[in-house]
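Structural characterization, general
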Amino acid sequence: MRVIETAIMMLAKYLNDRDPNFRGFVNGRLDAQIMTVASNDDRADAEKDAAVDFFSEVRRILNPGK
């Protein structure tokens, strides 16, 4: 798991170096996805929590040190 996390971090850094707007774009999309999942009444609370936790973890990996 740690190897995958490191690879994603390296890829995010590479993409951010190529396009400075990358991180802002991805964060905006992740925020929108978190809000959509959290406000979806069709899902059970446990499923919502798991999805929000997943997207929050992706955000943490893509934004190290923030």
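About the thresholds
- Residues numbered from 1 in each chain as written.
- Predicted model: local features only at pLDDT ≥ 70, side-chain atom pairs only at ≥ 80, totals over all residues.
- Heavy atoms only, no water.
- Helix = DSSP H or I, 4+ residues; strand = E, 2+ residues; numbered from the N terminus.
- Buried < 20%, exposed > 50% of the residue type's maximum accessible area, 1.4 Å probe, protein only.
- Contact = heavy atoms within 4.5 Å.
- Polar contact = N/O pair within 3.5 Å; in protein donor to acceptor, adjacent residues only side chain to side chain.
- Patch = residues over 30% accessible without salt bridge, like charges linked within 9 Å, V, L, I, M, F, W, Y side chains within 5 Å.
- Areas by Shrake-Rupley, 256 points an atom, 1.4 Å probe, with all protein chains shown as cover.
- Salt bridge = Lys/Arg side-chain N within 4 Å of Asp/Glu carboxyl O.
- Phe/Tyr/Trp six-rings, centres within 6.5 Å; stacked < 30°, edge-to-face > 60°.

1. Focus on the environment of Glu5
- Positionally, Glu5 belongs in helix 1 (residues 2-18).
- What makes Glu5 buried here is its relative accessible area of 11%.
- With 56 residues separating them along the chain, Glu5 and Ile61 place their C-alpha atoms 6.8 Å apart.
- The residues contacting Glu5, other than those within four sequence positions of it, are Arg60 and Ile61.
- Side-chain polar atoms of Glu5 contact the side chain of Arg60, separated by 3.1 Å.

2. Some thoughts on a nonpolar patch on the surface
- On the surface, a nonpolar cluster with roughly 340 Å² of combined accessible area is contributed by Met1, Ile4 and Ile8.
- As for its placement among the helices and strands, Ile4 is situated in helix 1.

3. Overview of the packing of aromatic side chains
- Within the structure shown, the criterion is met by 1 aromatic pair.
- Measuring from ring centre to ring centre gives 5.3 Å for Phe54 and Phe55, while their planes differ by 70 degrees; the resulting arrangement is edge-to-face.
- Judged by relative accessible area, Phe55 falls into the buried class, the value being 18%.

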